[in-house]
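# Close look at the chain arrangement
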Amino acid sequence: MKYDYLVVGAGLYGAVFAHEAKQKGKSVLVIDKRPHIAGNVYSKQVEGIHVHQYGAHIFHTNNRKVWQYITKFAEFNRFTNSPVANYKGELYSLPFNMYTFNKMWGVTTPEEATQKIEEQRREIVGEPKNLEEQAISLVGRDIYEKLIKGYTEKQWGRDCKELPAFIIKRLPVRLTFDNNYFNALYQGIPIGGYTQMVENMLAGVEVRLNEDYLNKKDEYDAMAEKVVYTGAIDAYFDYRLGNLEYRSVRFENEILDIPNYQGNAAVNYTDRETPWTRIIEHKWFEFGKDENGNDLPKTVISKEYSSEWKPGDEPYYPVNDEKNGALYQAYNELANQESNVIFGGRLGEYKYYDMDAVIAAALDMCEKELS
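As the structure is a computational prediction, the values presented were derived from the model and not from experiment. (Residues numbered from 1 in each chain as written. Predicted model: local features only at pLDDT ≥ 70, side-chain atom pairs only at ≥ 80, totals over all residues. Heavy atoms only, no water.)

### Digging into the overall build of the chain
To keep things clear, this is the line we draw: Segments assigned H or I by DSSP are reported as helices when at least four residues long, segments assigned E as strands when at least two residues long, and all are numbered from the N terminus. Between the two quantities, the radius of gyration covers C-alpha atoms and the globule rule is 2.2 Å times the number of residues to the power 0.38. To sort residues, take the accessible area from a 1.4 Å probe on protein chains only and compare it with the maximum for the residue type: under 20% means buried, over 50% means exposed, and anything in between is partly exposed. Residue contacts are defined here by distance: any two heavy atoms, one from each residue, within 4.5 Å place the two residues in contact. Each accessible area is a Shrake-Rupley result for a 1.4 Å probe, and residues are judged covered by the shown protein chains and nothing else.
Along its length, the chain carries twelve helices and 16 strands. Against the 2.2 N^0.38 benchmark of 21 Å for 371 residues, the chain shows a C-alpha radius of gyration of 22 Å, consistent with a compact globule. The dimensions of the chain, computed from C-alpha atoms along their principal axes, are 70 × 55 × 35 Å. By residue count, 54% of the 371 residues in the chain fall in the buried class. At a minimum sequence separation of 6, the contacts of the chain that also span at least 24 residues come to 73%. When the accessible surface of the chain is split by element, carbon and sulfur atoms take 46% of a total near 17600 Å².

Next comes the structure, spelled out in structure tokens:
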């Protein structure tokens, strides 16, 4: 049988496209090299807790169209992301807000906080030359030293003085007692987990797992009129122009025989000495309850370690510097010559995409392709 579309990758972009194509009466085959659907939003039940296997995924958007779309496949709870920063045992609220400034300096009014930040920002004169100077010019030295420097250096594996200023274009400073990190109109976690949500998106679509498209490319290409490819763009072209770079993340998961480890879904460790960047306690994404509303006796935590990416590792964050940007453009020119292939998603477009932006991009592509 010849399919109208072969979708490579069962993550959000692939699932949206497959769902929409099926709605339009197209025949679709979805393949994924992993043993599961849902890509990096894959969640798995452990001790009654939906564990985010590839790091915390908190859905947030101001895009009403995307929200109305995704809530057809899952009901979302009212989880609000309010991370905590741990600097050598001192705890601070994130994003930077009046709770943070009160803890840092003892100030109690927005006016006092503004004055303190303004005083400290004056240290940098002229155009910031690197990330350190950029951060100090935005929020001052105290916040930089305790809450930005160590975390950023672990994240990028480089000293802040060696990182370009543009990485931190702005830092949210809130002169209110508001701990809602995203400030988005719509946010939450799908009840029943992300995997179930993607299952609902792919209902009635043929899916084959443990299938590596690039190993049998000719065979797969012959099976469909068109390919929607959501894998790494440089891998598609066999790295002929060189490797695009990523940062990767490694997770250490632990099941603990206690009901509460840290009292919050996310705690960032902002000193350089602690090897992990943050600890996620998954049960708090769903308020510590199981699907029947009962308290869960155990907990699951994930320690996240940022790492340099090498071929074979899971790519997470594109390194959006000039060199990689130019290399992606060169690959994109090759991609534009592939008349029967659509490149999409985080890896296909070498882009740091939030989930809502992936869905919006996939829906735009569907409008162009399927109308």
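### A look at the pairing of strand β14 (residues 299-308)
This is how the line gets drawn: Two strands pair if DSSP finds at least two bridges between them.
Most of β14 is tucked away, with seven of its ten residues classed as buried. As paired strands, strand β11 (residues 246-256) and β14 are joined by ten bridges and run antiparallel to one another. Residue pairing for β14: Arg250 is matched across the bridge by Tyr305. Note: strand β13 (residues 278-281) against β14, four bridges, orientation antiparallel. When the bridges of β14 are listed, Arg278 appears paired with Glu304.

### Some points on helix α3 (residues 98-105)
The cut-off we apply is this: Directions from the helix axis toward the C-beta atoms define the arc. Contacts described as polar in this section are N or O atom pairs within 3.5 Å, which, within protein, must combine one atom able to donate a hydrogen with one able to accept it, while residues neighboring in sequence count only if both atoms come from side chains.
Listed as buried for α3 are Met98, Thr100, Phe101, Met104 and Trp105. Down the axis of α3, the sector holding all buried residues measures 155 degrees, keeping them to one side. For α3, the elements touching its buried residues are β7 (90-93), α4 (110-121) and α6 (141-156). At the N-terminal boundary of α3, the capping side chain belongs to Asn97, with an oxygen 2.9 Å from the backbone nitrogen of Tyr99. Taken from the residues just after α3, Gly106 is the one with a positive phi, measuring 80 degrees.

### Considering the pattern of salt bridges
Condition: Salt bridge, as used here, is a side-chain nitrogen of Lys or Arg placed within 4 Å of a carboxyl oxygen of Asp or Glu.
This model, assessed by the stated rule, comprises 25 salt bridges. For Arg272, the salt bridge identified is with Glu153, shortest N-O distance 2.7 Å. A residue pair is termed long-range when its members are at least 10 positions apart, and Arg272 in the loop between β12 (266-269) and β13 and Glu153 in helix α6 qualify at 119 residues. A relative accessible area of 3% places Glu153 in the buried class. Between Asp295 and Lys289 there is a salt bridge, and its shortest N-O distance comes to 2.6 Å. A single network of salt bridges, built from pairs that share partners, joins Glu123, Arg141 and Glu145.

### Some thoughts on the layout of surface pockets
Operational definition: Points on a 1 Å grid, built from protein atoms alone, make a cavity when a 1.4 Å probe fits but cannot get out and make a pocket when they are open with protein on both sides within 12 Å along at least 5 of 7 lines; residues with an atom within 4 Å of a point are the lining residues. Grid points are joined across faces, edges and corners, and a volume is the space filled by probe spheres set on the points. Here the nonpolar group is Ala, Val, Leu, Ile, Met, Phe, Trp, Tyr, Cys and Pro; Asp, Glu, Lys and Arg are the charged ones; every other residue, Gly included, is treated as polar.
Size it by volume and the second largest pocket reaches roughly 190 Å³. What lines the second largest pocket is Gln45, Gly48, His50, Asn77, Ile191, Glu286, Phe287, Lys289, Asp290, Glu291 and Gly293. Taken together, the residues of the lining of the second largest pocket sort by class into two nonpolar, five polar and four charged.

By themselves these figures say nothing about function.
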